[in-house]
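If you want the building blocks of each chain, they are given just below.
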Amino acid sequence: MLTQDLLSRLPKVDLHLHLDGSVKPETILELALNQGLELPVYDKDELIPHMRVNEECGSLTEYLSKFDFTTRFLQSAEALERVAYEVLEQSAEHNCKYVEVRFAPQLHRHQGLTVEETIHHVVEGLKRGGRQFGVRAGVIAICMRNHDAASNLEVVRAAGKFVGKGVVAVDLAGDEASYPPEFFREVFAESRRLGIPVTIHAGEAAGAGNVYEAVANLGAVRIGHGVRLKENASILAMVKDRRIPLEMCPISNIQTKAVPGWEAYPIREYLEQGLLVTINTDNPSVSGTNITKEYSVLADRFGFTTPELVKLIMNGVEAAFLEESDKLLLKREMENELSSLGLLN
Ligand SMILES: O=c1[nH]cnc2c1ncn2[C@@H]1O[C@H](CO)[C@@H](O)[C@H]1O
Ligand SMILES: [Zn+2]
């Protein structure tokens, strides 16, 4: 029953996808050419090792080193619009109906764009892609752990201006092991003042205590990854009681060594314990993944049945940063497709 074909036809959502981790090598080739920038190689297959982690990736910091290569080419309005548009093209290929695309505005300012301009161009690219490919999308503006409070506050305030106009939340990403969430209380107090929903990368490269800090003190209503939540039963219980969704990204989580290997990946236990687990890609080009592949790996590694995969997908709909009425529309659309595939009774 669980053929690749069926998995790719399942309607899906992706709530955790980084724009700069989702650029096609052929697009890098064209962007470099258009912008007169040098590349180490000029063949799309030979570019892949520069953009993608390999089997030997040992940590999140090693994983993050891949991003410097790509962001060089994402410094103009045209480049940002184009890659945002192409994310939705790739999403549509996997029947992804709704995508939350996240990016860090401060990483795209080397040629003078303002924070607001970067957000504007990503929103525009997504609008155009959304119309073209029939995929709904929202933007999550990322604060970076290695940036100072002033830079991150600037991102939060700019994001606030786009709430209801394309931005759905703010996030904190980067090197979790070196910069714990408590450093960012002031930054996320501002997002709470402005009424912007918060999701925080936590429990990926450090322990469950960071998940507690993100929820209790930064106001996170979702958690990026949360793989290491299993290390603390009482924090896990808090996440469950508050119905905080986890944006898990299985292939990335294995590559960054959030756990030593698949046998230690806690997805089945989280589901059995009643956590709101969602499945996402994180960085299709850095991780060499796509949303179909994520579900396919889960089916292979954990023996998930079709109803279990459907449950994971619908958890994603539940967790989406959408107004209730839009969420209901998305849910209906998904249910209609699932029932025409014979998967809802
Ligand atoms: O899994 C992750 N954990 C933490 N930070 C990440 C992850 N994936 C990407 N980024 C960071 O977010 C920035 C903006 O998109 C990327 O440039 C990368 O540094
Ligand atoms: Zn991420």
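Residues numbered from 1 in each chain as written. Chains lettered and ligands numbered in written order. Predicted model: local features only at pLDDT ≥ 70, side-chain atom pairs only at ≥ 80, totals over all residues. Heavy atoms only, no water.

Going by the annotation in an unreviewed UniProt entry, the name recorded for the protein chain is Adenosine deaminase, with Paenibacillus sedimenti given as the source organism. Regarding the protein chain, the UniProt comment filed under Sequence similarities (unreviewed entry) reads as follows: "Belongs to the metallo-dependent hydrolases superfamily. Adenosine and AMP deaminases family. Adenosine deaminase subfamily." In its Function (unreviewed entry) section, the UniProt record describing the protein chain reads: "Catalyzes the hydrolytic deamination of adenosine and 2-deoxyadenosine." (UniProt positions renumbered as here; feature names shortened; annotations may be inferred.)

### Let's talk about the nonpolar core
Grouped together as the largest cluster of nonpolar side chains are 105 residues, with contacts concentrated most on Leu19, Phe188, Ile200, Ile223, Leu229, Tyr265 and Val277. Among the elements that line this core, the one with the most residues is helix α16 (residues 306-319), at 7 residues. When neighbours within four sequence positions are excluded, isoleucine 200 is seen to be in contact with Arg145, Asp171, Leu172, Phe188, Ala214, Leu218, Ala220, Arg222, Ile223 and Gly224. Residues Cys57, Tyr63, Phe67 and Val286 belong to the second largest nonpolar core, which totals 6 residues. (Core = buried A, V, L, I, M, F, W, Y, C linked by side-chain atoms within 4.5 Å. Buried < 20%, exposed > 50% of the residue type's maximum accessible area, 1.4 Å probe, protein only. Helix = DSSP H or I, 4+ residues; strand = E, 2+ residues; numbered from the N terminus. Contact = heavy atoms within 4.5 Å.)

### Examining the pattern of salt bridges
Applying the stated criterion across every chain, the model contains 22 salt bridges. The closest approach of N and O atoms between lysine 161 and glutamate 116, which form a salt bridge, is 2.9 Å. Of the two residues, lysine 161 sits in helix α8 (residues 149-161) while glutamate 116 sits in helix α7 (residues 115-133), which places them 45 residues apart along the sequence. The closest approach of N and O atoms between arginine 268 and glutamate 272, which form a salt bridge, is 4.0 Å. Pair noted here: arginine 268 and glutamate 272 are both in helix α13 (residues 267-272), with a separation of 4 residues, about one helical turn. On the accessibility criterion, glutamate 272 (62% relative accessible area) is exposed. Through salt bridges with shared partners, a single network forms among Glu100, Arg102, Asp171, Arg222 and Glu247. (Salt bridge = Lys/Arg side-chain N within 4 Å of Asp/Glu carboxyl O.)

### So, the environment of lysine 44
If you trace the backbone, lysine 44 turns up in helix α3 (residues 44-51). Take lysine 44: its relative accessible area is 36%, and that puts it in the partly exposed class. Counting along the chain gives 15 residues from lysine 44 to leucine 29, while the straight-line C-alpha distance between them is 6.9 Å. Setting aside residues up to four positions removed in sequence, lysine 44 forms contacts with Pro25, Glu26 and Leu29.

### Brief notes about the sheet that holds strand β6 (residues 222-225)
The 4 strands lie next to each other as β5-β6-β7-β8, forming an open sheet whose pairing is parallel. Bordering the open sheet on either side are β5 (199-202) and β8 (277-279), each of which pairs with just one other strand. The average angle at which neighbouring strand axes cross in this sheet is 30 degrees, direction not considered. With 4 bridges joining them, β5 and β6 adopt parallel strand pairing. In the sheet register, isoleucine 200 faces β6, and the bridge partner there is isoleucine 223. Helix-sheet contacts for helix α10 (residues 209-216) involve β5 and β6, and the interaxial angle to β5 is about 165 degrees. (Pairing = 2+ DSSP bridges. Axes fitted to C-alpha atoms, helices over the stretch in contact; angles between N-to-C directions.)

### Regarding the coordination of the zinc ion (ligand 2)
By definition of the ideal shapes, a tetrahedral metal site with four donors has angles of 109.5 degrees and an octahedral site with six donors has angles of 90 or 180 degrees. Protein coordination of the zinc ion (ligand 2) is provided by His16 (NE2), His18 (NE2), His201 (NE2) and Asp282 (OD), with donor distances spanning 2.0 to 2.3 Å. Considering all 4 donor atoms around the zinc ion (ligand 2), angles at the metal cover 83 to 168 degrees and the coordination shape is irregular. Mapped onto the sequence, the donors of the zinc ion (ligand 2) take the spacing H-x1-H-x182-H-x80-D. You can see histidine 16 sitting in strand β1 (residues 12-18) and its partner histidine 201 sitting in strand β5, a full 185 residues away along the chain. (Donors = N, O, S within 2.8 Å, 3.2 Å for Na, K, Ca; no water. Tetrahedral: all angles 85-135°; square planar, octahedral: opposite > 155°, others 65-115°.)

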